[in-house]
There are 2 protein chains.
Amino acid sequence: MAKSSVSKLVPKVPPLPSVPGMSRRQQFSASTKKTLIEVAEKLFTEHGYASTSLDAIVAGAEVTKGALYHHFSGKQALYEVVFEKVEAATAQSIDAAMRETKDPWEQARAGLRTFLEAVQQPTYRRIVVQEGPSVLGYQRYREQEERSTFTVVEDIVAAVLRAGDRSVDDEMVATFARLFFGAMSAAGESVTEASDPEDAADRIELAVTYLLTGVRTLAEQGVRVEDMR
Amino acid sequence: MAKSSVSKLVPKVPPLPSVPGMSRRQQFSASTKKTLIEVAEKLFTEHGYASTSLDAIVAGAEVTKGALYHHFSGKQALYEVVFEKVEAATAQSIDAAMRETKDPWEQARAGLRTFLEAVQQPTYRRIVVQEGPSVLGYQRYREQEERSTFTVVEDIVAAVLRAGDRSVDDEMVATFARLFFGAMSAAGESVTEASDPEDAADRIELAVTYLLTGVRTLAEQGVRVEDMR
DNA sequence: TATTGAACATACCAAGGGTATGGCCAATAC
DNA sequence: GTATTGGCCATACCCTTGGTATGTTCAATA
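- For chain A, the name recorded in an unreviewed UniProt entry is AcrR family transcriptional regulator, with Nocardioides albus as its organism.

Right, here's the structure in full:
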């Protein structure tokens, strides 16, 4: 019964580059927390929230539930941390892509294209789009979303809209942003599930471009959103 | 301990209008199944899938788990039946609204408006939009969807697009339909959650009208989707 | 050196989905 | 009319799993 009861407080690979402001103990702690998050992200992506047991997560991280519940208040809280991490990464990548150019229309195209790419990533799809609203509840889902990716999309939409019609108010911008955000999220699923994803992505871009061109044309003709009433 | 062990095979209210083709036993059975579905729909809508226990469902239907597992293979199968029921009802209501008029553009507006209304119903929101993809898995979700509501939306989109540009193929129609479907689904959540839902719904309609007008304008100018390449 | 508390491990509990089994009675056969 | 069968459902039980309660270790501070 010499069951190897190793790994007490001795991670197999101690974080080598000693972080200045942290004690050894704090570094070990941060390491286990980080590992838990990473393993959870992987398993949640692969099997979904309900089908991923905490036992599987702690086994993957080579710790026990005691460690998990020390760092997180429960399964949902852990999921929320993973969710935020994925959201933040996505928002940042979109933001970076937009800074490549200065022209509003080109920024918009770059941003939307990057968003379309992001929304095809398995992790973002599963954790944010597919299971986010269900696991977090729509309220919290939306709160999180509005602190990262959605806001980026909203900025894009605002730039496009106001380039042609400076009279649209913030609420109207938010409305258009909601529509675009929903459209692109659905597009991501559609593209990924298609028999020829690349072809599907091209069609999405084509359709979005057509819609944007329509908006642009209306703007050039002096037709304002308010004129629709 | 005279615990009333009633309701063996004696429903409190036997289905009065004797259905011709069914025996009494079959009618009782159908009644039990129907009740289970109705109770499940109610509880799933109010508390969500995960937070609704089978015990709560069978208690609400005044039966036991034996009855439930006789009619359904499990919790998810029951959910799927509820899902189909909700989807069918929604598709039918949209379809009915569209038959009110004959003009393609008016049909489209009527259809989209009805869809926007449907997508605000608590049952459709919770069971189809919010938890559908998560509970059924995206694959099955999409299969179900394409057998009812999505197809109706697709027909609307096809009519609008081809009214201006007869050259768009089926795949392109499907692409636009995906975008619109996603946009409207997200819109439903947005509207319901808004402080002033009516006002929010008006803005959605305004935005959609603007986008459609853009499409219409392009079509009138002879600009085709393929020209975007 | 003593003490404290962060960072875990271990053992346990209760809820809930699913299963195995059996009983009852309407429908059918004879 | 009697016997038999199978659909319909109830009861009892199992097992996974999220969560909790308690114990243990050891680095950091006094």
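1. Quick word on the overall build of chain A
Item 1. Secondary structure summary: chain A contains eleven helices and zero strands in total.
Item 2. Going from the N terminus to the C terminus, chain A shows its helices and strands as α-α-α-α-α-α-α-α-α-α-α.
Item 3. Considering chain A as a whole, with its 229 residues, one finds that 48% of them fall into the buried category.
Item 4. Summarising the internal contacts of chain A: among those between residues at least 6 apart in sequence, 67% fall at separations of at least 24.
Item 5. Looking at chain A as shown, the accessible area adds up to about 11700 Å², and 52% of this sits on carbon and sulfur atoms.

2. Things to note about the UniProt feature "DNA-binding region" (unreviewed entry) in chain A
Item 1. In this structure's numbering, the residues bearing the UniProt feature "DNA-binding region" (unreviewed entry) are residues 53-72 of chain A.
Item 2. With 70% helix and 0% strand, residues 53-72 of chain A has its two end C-alpha atoms placed 15 Å apart.

3. Focus: the interface of chain A and chain B
Item 1. Contacts between the two partners involve 43 residues from chain A, matched on the other side by 43 residues from chain B.
Item 2. Interface area for chain A against chain B, summed over the two sides, is near 4100 Å², with a carbon-plus-sulfur share of 72%.
Item 3. Interface area lost by chain A to chain B is led by L179, L206 and Y210 of chain A, which between them contribute 19%.
Item 4. Across the chain A-chain B interface, the total number found is two salt bridges.

4. Some details on the layout of surface pockets
Item 1. Within this model, the largest pocket holds a volume of roughly 820 Å³.
Item 2. Around the largest pocket, the lining is made up of 35 residues, and of these S134 and V135 of chain A together with E131, S134 and V135 of chain B lie nearest the centre.
Item 3. Listed by contribution, the elements that provide at least two residues to the lining of the largest pocket are α6 (122-130), α7 (132-136) and α8 (138-145) of chain A together with α1 (24-47), α6 (122-130) and α7 (132-136) of chain B.
Item 4. Among the residues making up the lining of the largest pocket, the classes are represented as 13 nonpolar, 16 polar and six charged.

5. Quick word on the relation of the copies chain A and chain B
Item 1. Least-squares fitting of chain A to chain B yields an RMSD of 0.0 Å, with the transformation described by 0.0 Å of translation along the axis and a rotation of 180°. Given the turn and translation reported, the copies of this chain are related as if by a two-fold rotation axis.
Item 2. The residues that chain A uses at the interface reappear at the interface of chain B in 100% of cases, marking a shared surface.

6. Looking at the side chain of D165 of chain A
All names here are of chain A.
Item 1. Within the secondary structure, D165 is located in the loop between α9 (149-164) and α10 (170-193).
Item 2. The exposure class of D165 is buried, given its relative accessible area of 4%.
Item 3. Engagement of the side chain of D165 in a polar contact is seen with the backbone nitrogen of V225, the distance being 3.2 Å.
Item 4. If we ignore the near neighbours within four places in the chain, the residues touching D165 are R224 and V225.

7. Focus on the environment of R113 of chain A
Residues and elements named next belong to chain A.
Item 1. If you trace the backbone, R113 turns up in helix α5 (residues 104-118).
Item 2. On the accessibility criterion, R113 (35% relative accessible area) is partly exposed.
Item 3. Residues R113 and M184 lie 71 residues apart in sequence; the distance between their C-alpha atoms is 9.7 Å.

What counts, and where the lines are drawn
- Residues numbered from 1 in each chain as written.
- Chains lettered and ligands numbered in written order.
- Predicted model: local features only at pLDDT ≥ 70, side-chain atom pairs only at ≥ 80, totals over all residues.
- Heavy atoms only, no water.
- Helix = DSSP H or I, 4+ residues; strand = E, 2+ residues; numbered from the N terminus.
- Buried < 20%, exposed > 50% of the residue type's maximum accessible area, 1.4 Å probe, protein only.
- Contact = heavy atoms within 4.5 Å.
- Areas by Shrake-Rupley, 256 points an atom, 1.4 Å probe, with all protein chains shown as cover.
- UniProt positions renumbered as here; feature names shortened; annotations may be inferred.
- Buried area = accessible area lost by both parts, 1.4 Å probe.
- Salt bridge = Lys/Arg side-chain N within 4 Å of Asp/Glu carboxyl O.
- 1 Å grid on protein atoms, 1.4 Å probe; cavity = no way out; pocket = protein on both sides within 12 Å on 5 of 7 lines; lining within 4 Å.
- Points joined across faces, edges and corners; volume = space filled by probe spheres on them.
- Nonpolar A, V, L, I, M, F, W, Y, C, P; charged D, E, K, R; others polar.
- Least-squares fit on C-alpha atoms with pLDDT ≥ 70 in both.
- Polar contact = N/O pair within 3.5 Å; in protein donor to acceptor, adjacent residues only side chain to side chain.

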